[in-house]
Amino acid sequence: MAGSHPYFNLPDFTQPSPPSTPSSLPSHQRCQPSDATKGLLVALLGGGLPAGFVGPLSRMAYQASNLPSLELLLCRCLFHLPIALLLKLRGDPLLGPPDIRGWACLHAVLNVLSIGCAYTAFQVVPAGNAATVRKGSSTVCSALLALCLESQGLSGYDWCGLLGSILGLIIIVGPGLGTLQEGTTGLCTAVGYGLAFLGGLTLSLGLRVYCSLHFPSGLPTVAFLFGLVGLLGSVPGLFVLQTPVLPSDLLSWSCVGAVGILALVSFTCVSYAVTKAHPALVCAVLNSEVVVALILQYYMLHETVAPSDIMGAGVVLGSIAIITARNLSCEREGKVEE
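Just so it is clear, the model here is predicted, and its values are computed rather than measured.

**Looking at the overall build of the protein chain**
Then comes step 1: When helices and strands are tallied, the protein chain shows twelve helices and three strands.
Then comes step 2: Residues classed as buried in the protein chain amount to 49% of the 338 residues present.
Then comes step 3: Only carbon and sulfur atoms are counted for the fraction: they give 69% of the accessible area of the protein chain, which is about 16500 Å².

Here you go:
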């Protein structure tokens, strides 16, 4: 019969075809963002952008009521302490498992030192420049740690993005370092830049320590420990090294509250990001904080933004685009398709 001829074995178009849905696709054709992509996007949107507001808001609080840096750190740590309720509800130990409790506390100490140095630097030098030095040093130190300790290699595109990010930061802060004034003002500015560098160094070390912590409640535990260690360290230091100030204006309290909330969001997102992507790449993407800080420095604090700042910010954004585009990929059942 003609119907049995292979040329006549055509599909029956009189019957409706089943609708095509994503669930009907074979599993090997489904595309999902890779872990590195998720980590870098979280670091960019949840880590760098909120952190860019912290420096200018800290400087505004200092200008409005001379709020000491340790008092600002103390207020920020108070936002971390309620995480203890989450740990209690889950039945997890507040200080983490006994075998890695020391490393978790070391991570908290390093982060407290990093934030304390950063807040002090924000009060001495322009917020954008302080953020630039801090993020630049964290990127450099993370890259050096990757060379010395990391078995997980970086591609040529990643190193290109890292070096470009560092170059952009040098363009931003280089002219300012070359025109330091002599005397007390110049010394205070140099100390501010030194504290910003130290803050970046301790940040990179803290991220490296956090990558070695592997237990289910790691993120809420380190967040609570940061608040606890910061509280225990800032209270005596505030009364010994600085003079406590009780703000009386709404602007200072608003800045303090915003700093606490935004810093907690940034801390959580960065801690999550380094579990998904390379710490050096996360630090490079966090340089977006510098761009946000420079914009706010100009529009909120009415401080001068030099042409070199704009040029360096463009280089930083280009480097972040290289790193992000290089790591944007889709996971497909056992393989990664870029």
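More follows now that the structure is in view.
**Quick notes on the packing of helix α1 (residues 35-65) against helix α11 (residues 288-299)**
In a pair of packed helices, the angle between the axes and the distance between the axes together describe the arrangement.
Then comes step 1: At a minimum axis distance of 7 Å, the contact between α1 and α11 shows a crossing angle of 35°. Judged by the sense of rotation from one axis to the other, the crossing of α1 with α11 is right-handed. Counted together, Leu44, Gly48, Leu49, Ala51, Gly52, Phe53 and Pro56 of α1 and Ser288, Glu289, Val292, Ala293 and Leu296 of α11 form the full contact between these two elements.
Then comes step 2: Of the residues that constitute the contact of α1 with α11, the class distribution is eight nonpolar, three polar and one charged.

**Comments concerning the pattern of salt bridges**
Then comes step 1: Within the structure shown, the criterion is met by one salt bridge.
Then comes step 2: Between Arg90 and Asp92 there is a salt bridge, with its nearest N and O atoms 3.3 Å apart.

**Topic: the side chain of Ser217**
Then comes step 1: Tracing the sequence through the fold places Ser217 in the loop between α7 (184-211) and α8 (218-241).
Then comes step 2: A residue is classified by how much of its surface remains accessible, and Ser217, at 6% relative accessible area, is buried.
Then comes step 3: Beyond its immediate stretch of four places on either side in the chain, Ser217 contacts Leu87, Arg90 and Asp92.

**Let's talk about the nonpolar core**
Then comes step 1: Counting residues in hydrophobic clusters, the biggest one holds 73 residues, and the most contacted among them are Leu73, Tyr119, Leu213, Phe226 and Val282.
Then comes step 2: Leaving out residues up to four positions away in the same chain, Val282 has contacts with Leu40, Ala43, Ala273, Val274 and Ala277.

**So, the side chain of Ser58**
Then comes step 1: Tracing the backbone shows Ser58 in helix α1.
Then comes step 2: Non-local contacts of Ser58, meaning those with residues more than four positions away in its chain, are made with Leu72, Tyr119, Phe122 and Val259.

**With respect to unusual backbone geometry**
Then comes step 1: The residue Asn66 is not glycine, and still its phi comes out positive at about 55°.
Then comes step 2: Relative to the assigned elements, Asn66 resides in the loop between α1 and α2 (69-78).

What counts as what
Residues numbered from 1 in each chain as written. Predicted model: local features only at pLDDT ≥ 70, side-chain atom pairs only at ≥ 80, totals over all residues. Heavy atoms only, no water. Helix = DSSP H or I, 4+ residues; strand = E, 2+ residues; numbered from the N terminus. Buried < 20%, exposed > 50% of the residue type's maximum accessible area, 1.4 Å probe, protein only. Areas by Shrake-Rupley, 256 points an atom, 1.4 Å probe, with all protein chains shown as cover. Axes fitted to C-alpha atoms, helices over the stretch in contact; angles between N-to-C directions. Left-handed = near helix turned anticlockwise from the far one by under 90°. Contact = heavy atoms within 4.5 Å. Nonpolar A, V, L, I, M, F, W, Y, C, P; charged D, E, K, R; others polar. Salt bridge = Lys/Arg side-chain N within 4 Å of Asp/Glu carboxyl O. Core = buried A, V, L, I, M, F, W, Y, C linked by side-chain atoms within 4.5 Å.

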